[in-house]
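# Reading the structure
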Amino acid sequence: MLVVFGASSNALTYAYPYIMIYLIGTIPSMISIGMNPFINAQGYSTIGMLSVAIGAVANLLLDPLFIFVLGFGVQGAAIATILSQTLSAAFVLFFLTRKSELKVRFLRKNEISQCTAYAKDIVSLGSAGFIMQLTNSLVTICCNNVLSVAGGDIYISVMTIVSSVRQLVETPLHAINEGASPILSYNYGARRPKHVRKSVAVMSVIVLIYTAVTWSMIILIPEFLIRIFSSDTVLLKDAVIALKQYFAAFIFMDLQYIGQTVFKSLNKKKFAIFFSLLRKVFIVVPLTYLMPYALHMGTKGVFLAEPVSNVIGGSICFVTMLCTVLPELKKMEK
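Residues numbered from 1 in each chain as written. Predicted model: local features only at pLDDT ≥ 70, side-chain atom pairs only at ≥ 80, totals over all residues. Heavy atoms only, no water.

## Some words on unusual backbone geometry
- Here asparagine 267, not a glycine, exhibits a phi torsion of approximately 65 degrees, which is positive.
- Within the secondary structure layout, asparagine 267 lies in the loop between helix 12 (250–265) and helix 13 (269–294).
- Note on asparagine 267: relative accessible area 45%, which makes it partly exposed. (Helix = DSSP H or I, 4+ residues; strand = E, 2+ residues; numbered from the N terminus. Buried < 20%, exposed > 50% of the residue type's maximum accessible area, 1.4 Å probe, protein only.)

So this is what it looks like as structure tokens:
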């Protein structure tokens, strides 16, 4: 699995011992991340945030202890991670079983048949998000494999830094869209088209303002963002260029986020899945191979595939959303 994701023989020396320990923490990780929404859904947003913060702070404290003080190296990082995840999972379970208004418990045998319809709805609604995450992994595999040939281990490290910066700047975007989703869903279900349009407008303005600020930081102070994840001066020069190339059309990513959030919130799963596949599978993946090899752009082509896909995929997704959702809301209003 590590080789498929682009790990070289040198990288396997560190990656293999890390992942073999990290996998032990799979169940605590799924509990802490997967059950956290049950806290937020009941209105305990501060507790939900605290459950995440507990794991993050514990990891920050335990990492230097296990890596440097106890001398466990990369294995120490994995141990610190699973201990932090276990602590976060324990907090989530304690709150949901003891303190929350609606408490979590195991299903009884006679209740399983009653939950079949709910299970189908959950899987159906979650399929769009699943496809989005799956296609992200597919793109990572393709990028790392091309970069390992075109640029070697150093460019895989560069892509890791770029991906880390992307995760950093996209997390608030994801949070804004997730926060708007239940408001859109509620008002659409309550047949309040004016409130749906207003929610989309407010969400879009917040997203665009945030993106403008973060995009300016990426262009003006890329070194600062890169040094958050690596102090290697050898990587810095290549990472700065790659970061600017990768985020060249970041503003168009907003169009994809807004469109897919609206489609998902309004239960238009087919649209959400299609546009996720369109941008990632049918645009990014072919360009990742076409631009470095057919167009002879080398590693530059791998990083430029993302902005090209943002422009094409994001624009099509947003325009389709406007052409399908707005007429429906007008009809509903009449």
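Read on for the rest.
## Describing the side chain of asparagine 36
- Turning to its location among the elements, asparagine 36 is positioned in helix 3 (residues 36–40).
- Residue class for asparagine 36 comes out buried when judged on its relative accessible area of 9%.
- Within the structure, asparagine 36 has its side chain in polar contact with the side chain of serine 51 (distance 2.4 Å).
- Beyond its immediate sequence surroundings of up to four residues, asparagine 36 is in contact with Ile31, Gly48, Ser51, Val52 and Val92. (Polar contact = N/O pair within 3.5 Å; in protein donor to acceptor, adjacent residues only side chain to side chain. Contact = heavy atoms within 4.5 Å.)

## Some thoughts on the environment of leucine 93
- In this fold, leucine 93 is placed in helix 5 (residues 73–99).
- On a C-alpha basis, the gap between leucine 93 and methionine 35 in space is 8.2 Å, while along the polypeptide they are 58 residues apart.
- When residues no more than four places from it in sequence are discounted, the contact partners of leucine 93 are Ile31 and Met35.

## Let's talk about the environment of threonine 26
- By secondary structure assignment, the location of threonine 26 is in helix 2 (residues 26–34).
- C-alpha of threonine 26 to C-alpha of glycine 151: the two residues are 125 residues apart in sequence and 33 Å apart in space.
- Among the polar contacts listed, one links the side chain of threonine 26 to the backbone oxygen of leucine 23, at a separation of 2.6 Å.

## A closer look at the packing of aromatic side chains
- Throughout the structure, instances matching the rule amount to eight aromatic pairs.
- Considering the side-chain rings of tyrosine 246 and phenylalanine 247, the 5.4 Å spacing of their centres and the 65 degrees angle between planes classify their relative orientation as edge-to-face. Considered together, tyrosine 246 and phenylalanine 247 belong to a single accessibility category, that of buried residues.
- Pairing phenylalanine 247 with phenylalanine 250 gives two aromatic rings, centres 5.2 Å apart and planes at 80 degrees, and the pair type is edge-to-face. Taken as a pair, phenylalanine 247 and phenylalanine 250 share a single burial class, namely buried.
- Taken together through their ring pairs, the aromatic side chains of Phe263, Phe271, Phe274 and Phe275 make up a single cluster. (Phe/Tyr/Trp six-rings, centres within 6.5 Å; stacked < 30°, edge-to-face > 60°.)

Treat this as a map of the structure, not an account of what it does.
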